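Residues per chain are reported as follows:
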Amino acid sequence: SSDDITEVINYTKSNYAEPNPAYFAKGKGMNVIYLHLESMQNFLINYKLNGQEVTPFLNSLIKDQNTMYFDNFFHQTGQGKTSDAEFMLENSLFGLPEGSVFTTKGLNTFQAAPAILGQNGYTSAVFHGNSGSFWNRNEIYKSLGFDKFFDANYYQINSADEAEYGLMDKPFYQQSIPLLESLPQPFYTKFITVANHYPYAMNQKDATIAPATTGDKSVDGYFQTARYADEALRQFFDYLKKSGLYNNSIIIMYGDHYGISENHNKAMAQILGKEITPVDNAGLQRVPLFIRVPGMQGGVNHEYGGQVDLLPTLLHLLGIDTKDYVQFGTDLLSKQHDSLVAFRNGDYVSPTIYSVDGKYYDSTTGLKLESDKLPEAKKYKQLVQEKLTFSDKVVNGDLLRFYTPKNFTPVDRTKYDYNPTHQ
Ligand code: GP9
Ligand code: MN
């Protein structure tokens, strides 16, 4: 009801982090290009397998003048995996404790990035070389306000280029170019890749690094598919530079969720050269985040954050204040950024304390938390619970129906049609 949404708005307003003037509007009017790094975990960054970098291109970006690399950024997905990651970055709302919010809440009212930006002169599009119905994308994208959805229907997928979940990254980016060039600027776009997806099998003639040798097939193959994804990115960046888009686009790359689950900890112990403790497991939920803004001073940023923080961060970079929106994350670049990172199961990480399976650890030593710090740990736990509960109320109650932010026009999902034969 409208009482429920009032309670939520009071909560999100009290958690609002105001923009940092050093970054606010740094990318005003620029295009936005999200590159979804499927299953990419942060441990791959700067990792060397047999003396060779696995992701040389991503590694090189850490030194790029205009790129900020976040090395304490965590995925916050649940059972909805990729779709949860997408949901968080488009809405700054959490996925649900069970199932995929994309599949179950596709008809809800949202105030998502494509809609907000659409009302600021942007054209929005998603590129994905898989069937549009996967994760119910072709329905929920309408509610999010995506103008265009280029799914497998728009790509030519030869069997030699086909991965388990669609078109391999190199031909995917290649074939995306004319589609991208069909969009008026400024655009808000997202490219969802699939080559680095479990079980990490690929045609060996396309592989450019030897697999690992743990004996665990998916762990061993993970390095090959990640390397391939990294090369595909380099090729796409080459195009962006040649076309000039590089100079007027914000580029954000994020890992969507872990690639190697806890079930593979024996092989991971060989990879990392140590036994994997519960604290290590939590730490392994780091995913890479790169934000490139032409003209912005880059560097390595150690701030703790998660996927729910992406939307306010981006909107502030674009010069759009988020204070009238119902968002559960906070701008990573704000001085008031909240560095308590909630996981979907109620655990959390923070610069001082980790909660793993309900037990508390000192995040710097990895040891069980001293008893004098337990009250603080429990307070964090409550804050996480409160945040997740409010977000779930919004989603389960479809509460955004009862609230329209200032300067926002509700999305009319009947206006959208992604069928190529109707274009
Ligand atoms: C499929 C892809 C994979 O279209 O995005 O989703 P995931 O299995 O990683 O959730
Ligand atoms: Mn995924």
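Reading the values: rules and limits
- Residues numbered from 1 in each chain as written.
- Chains lettered and ligands numbered in written order.
- Predicted model: local features only at pLDDT ≥ 70, side-chain atom pairs only at ≥ 80, totals over all residues.
- Heavy atoms only, no water.
- Axes fitted to C-alpha atoms, helices over the stretch in contact; angles between N-to-C directions.
- Helix = DSSP H or I, 4+ residues; strand = E, 2+ residues; numbered from the N terminus.
- Parallel < 35°, antiparallel > 145°, perpendicular 65-115°, else oblique.
- Left-handed = near helix turned anticlockwise from the far one by under 90°.
- Contact = heavy atoms within 4.5 Å.
- UniProt positions renumbered as here; feature names shortened; annotations may be inferred.
- Buried < 20%, exposed > 50% of the residue type's maximum accessible area, 1.4 Å probe, protein only.
- Near = heavy atom within 4 Å.
- Polar contact = N/O pair within 3.5 Å; in protein donor to acceptor, adjacent residues only side chain to side chain.
- Areas by Shrake-Rupley, 256 points an atom, 1.4 Å probe, with all protein chains shown as cover.
- Nonpolar A, V, L, I, M, F, W, Y, C, P; charged D, E, K, R; others polar.
- Expected span 1.5 Å × (residues − 1).
- Arc of directions from axis to C-beta.

## Structural notes on the packing of helix α7 (residues 169–181) against helix α8 (residues 217–243)
And then number 1: Between α7 and α8, the least distance of the axes is 9 Å, while the angle of their chain directions is 25°. The angle between α7 and α8 places the two elements in the roughly parallel class. Taken as a pair, α7 and α8 cross one another with a handedness that is right-handed. Contacts between α7 and α8 involve D169, K170, P171, Y173, I177, L180 and E181 from the first element and Y228, A229, E231, A232, L233, Q235, F236 and Y239 from the second.

## Examining the UniProt feature "active site" (unreviewed entry) in the protein
And then number 1: When the UniProt feature table is mapped onto this chain, "active site" (unreviewed entry) is found at T82.
And then number 2: Along the polypeptide, T82 turns up in helix α3 (residues 81–91).
And then number 3: Residue classification places T82 among the buried positions, given a relative accessible area of 7%.

## Re the site of ligand 1
And then number 1: By nearness alone, every residue bordering ligand 1 is listed as E38, K81, T82, H128, N130, F134, W135, R137, H197 and H257.
And then number 2: Between ligand 1 and T82, the relevant distance is 2.6 Å, taken from an oxygen atom to a side-chain nitrogen or oxygen of the residue.
And then number 3: One of the side-chain nitrogen or oxygen atoms of W135 is found 3.1 Å away from an oxygen atom of ligand 1.
And then number 4: Considering ligand 1 on its own, with 320 Å² of exposed area, one finds that the protein chains cover 95% of that surface.
And then number 5: Residue classes in the shell around ligand 1 are distributed as 2 nonpolar, 5 polar and 3 charged.

## Details of helix α1 (residues 2–14)
And then number 1: With 13 residues, α1 extends 18 Å from end C-alpha to end C-alpha; this agrees with the ideal 18 Å at 1.5 Å per step.
And then number 2: Along α1, the residues that are buried comprise I5, V8, I9, Y11 and T12. All buried residues of α1 project into a common sector of 160° when viewed along the axis, lining one side. Opposite the packed face of α1, turned more than 90 degrees from it, sit the exposed residues D3, N10 and S14.

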